[in-house]
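# Structural overview
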Amino acid sequence: MADRSGNVKTDKKILYGQSFAIYSLCEYTLATGDKRGIEHASKLFDLIHGFCYDSQYGGYLEMFHRDWTICGPGMQGGDRKTLDVHMHLMEAYTTLYECSGLDIHRRQLLEIIDILLTRILHPVSKTGIPQFFRDWTIAPQIKFNIIWGLDRFAGGGQKFYATDNTCYGHNAELAWLMIHALRILKSDPKIHSDLFRKIFDHTVNNGIDQEYGGVFVEGSHSGGVYDTEKEFWQQAEVLTALLYAVLLSGDDKYWEAYKNVHRFVFSKVINKAAGEWFPLLSRQGEPIWTHMGNSWKINYHTVRSMIQSIKMLDEILDLFNKNPEKLTRDE
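To start, this report covers the structure provided alongside it. Every value quoted in this text rests on a predicted model; they were computed, and no experiment measured them.

## As for the nonpolar core
Formed by 91 residues in total, the largest nonpolar core has its most connected members in Ile-22, Met-90, Tyr-93 and Phe-196. Per element, the largest residue contribution to this core is 13 residues, and it comes from helix α7 (residues 232-249). Those residues in contact with Tyr-93 that sit more than four places away from it in its chain are Ile-22, Phe-45, Ile-48, Tyr-60, Gln-108 and Leu-109.

## Some remarks on the packing of aromatic side chains
Enumeration according to the criterion identifies 13 aromatic pairs in this entry. Measuring from ring centre to ring centre gives 4.9 Å for Tyr-16 and Phe-20, while their planes differ by 55 degrees; the resulting arrangement is tilted. Here the residue Tyr-16 and the residue Phe-20 both occupy positions in helix α1 (residues 15-32), the gap between them amounting to four residues, near one helical turn. Assigned by exposure class, Tyr-16 and Phe-20 land together as buried. Summarising the aromatic geometry, the rings of Trp-255 and Tyr-258 are spaced 5.6 Å apart at their centres and angled 15 degrees between planes, so their arrangement reads as stacked. Residue Trp-255 and its partner Tyr-258 are both found in helix α8 (residues 252-269); the two are separated by three residues, about one turn of the helix. Tyr-258 sits in the buried class, given a relative accessible area of 5%. Members of the aromatic cluster, each reached through a chain of ring pairs, are Tyr-16, Phe-20, Tyr-23 and Tyr-300. Over the face of the ring belonging to Phe-264 we find Lys-230, whose NZ or CZ atom lies 4.6 Å from the ring centre. Positioned over the ring face of Phe-232 is Lys-297, at 4.7 Å from the centre of the ring.

## Remarks on helix α6 (residues 193-207)
Compared with the 21 Å implied by 1.5 Å per residue over 15 residues, the 20 Å span of α6 between its first and last C-alpha is a close match. All of the buried residues in α6 are Leu-195, Phe-196, Ile-199, Phe-200, Asp-201, His-202, Thr-203, Val-204, Asn-206 and Gly-207. Residues of α6 that are buried make contact with α4 (103-120), β5 (166-167), α5 (168-184), α7 and α8.

## Some details on unusual backbone geometry
A positive phi angle, close to 75 degrees, is found at Trp-136, a residue other than glycine. Backbone geometry places Lys-186, a non-glycine residue, at a positive phi of 60 degrees. In this structure, Lys-186 sits in the loop between α5 and α6. We classify Lys-186 as exposed; its relative accessible area is 76%.

## Observations regarding the state of the cysteines
One pass over the structure, following the stated rule, counts zero disulfides. The structure places no disulfide on Cys-52, whose sulfur is separated from the nearest cysteine sulfur, that of Cys-71, by 11 Å.

## Re the sheet that holds strand β10 (residues 280-281)
In space, the three strands of this open sheet follow the order β7-β10-β11, with antiparallel pairing throughout. At either margin of the open sheet sits one strand with a lone partner, and together these are β7 (230-231) and β11 (287-289). Alignment of β7 against β10, held across two bridges, turns out to be antiparallel. Directly across from Glu-231, in β10, lies its bridge partner Leu-280.

Cut-off values and rules
Residues numbered from 1 in each chain as written. Predicted model: local features only at pLDDT ≥ 70, side-chain atom pairs only at ≥ 80, totals over all residues. Heavy atoms only, no water. Core = buried A, V, L, I, M, F, W, Y, C linked by side-chain atoms within 4.5 Å. Buried < 20%, exposed > 50% of the residue type's maximum accessible area, 1.4 Å probe, protein only. Helix = DSSP H or I, 4+ residues; strand = E, 2+ residues; numbered from the N terminus. Contact = heavy atoms within 4.5 Å. Phe/Tyr/Trp six-rings, centres within 6.5 Å; stacked < 30°, edge-to-face > 60°. Lys NZ or Arg CZ within 6 Å of the ring centre and 35° of its normal. Expected span 1.5 Å × (residues − 1). Disulfide = S-S within 2.5 Å. Pairing = 2+ DSSP bridges.

Shown next as structure tokens:
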């Protein structure tokens, strides 16, 4: 982290940040044709593989000092692996492979998809498990000293439901990012249709608020809700995911769930006077935090959600025009 003048405030290196650097550099090259983006992204990929890859247990270590020595355990994060980082590394490697076309990038993308499928998703519910120790045994979810996002559980301890909690926004985001990754790999996402349906069904059945609209924060792997507040980024990612679910399955319940979240976002979450989204709201849709930003809140989730929604709705409309019996005229 740096201040506004560029002076370094925190010189540690976290894999979460490295993954977004790869993602953005590759998107820059894809958008402009400027090869400097992919050149720097490829160099960063090599550094990550050299310093972060866990050749003993698989996956990646995440928290490092400036010289790439691993941080200490516990709140320093050096003994942990997380769903969040591995999901976003899949996202980054998807765009890296799309941009470079190199087989080494393709292989690492396939490997991290396998890790998500075999290590990070709950064996029964297929929901995301937030944190693990290095050997992939489940770890209680704790707050790290360096966080990506303004964590809402107080203090430095662990969550109350530390080993049985799953995040609806992350589950939905993981599903649509994996579908997108499989598309880039030219692999049919329908080979995992049962898995995706299970993830989407858990989100719709437990995470969608049928009374007030929108998406809850988190709950148990087996079902139910622990946190009924509404965070901006989860609304954004679930909007995108539900449209992917409609395209993958054609099931009306995903379309109804999309309309539910869409109405909540456009009536409650968007601060139209400011042109931004409130970061945190009550279950009823009243803003809890009225500030429009913090050091971690950018429009990565919101703008991308709107762009992806337009693209997915165009795909759905195209399918409707080709197969009008698939959807009703009102839909």
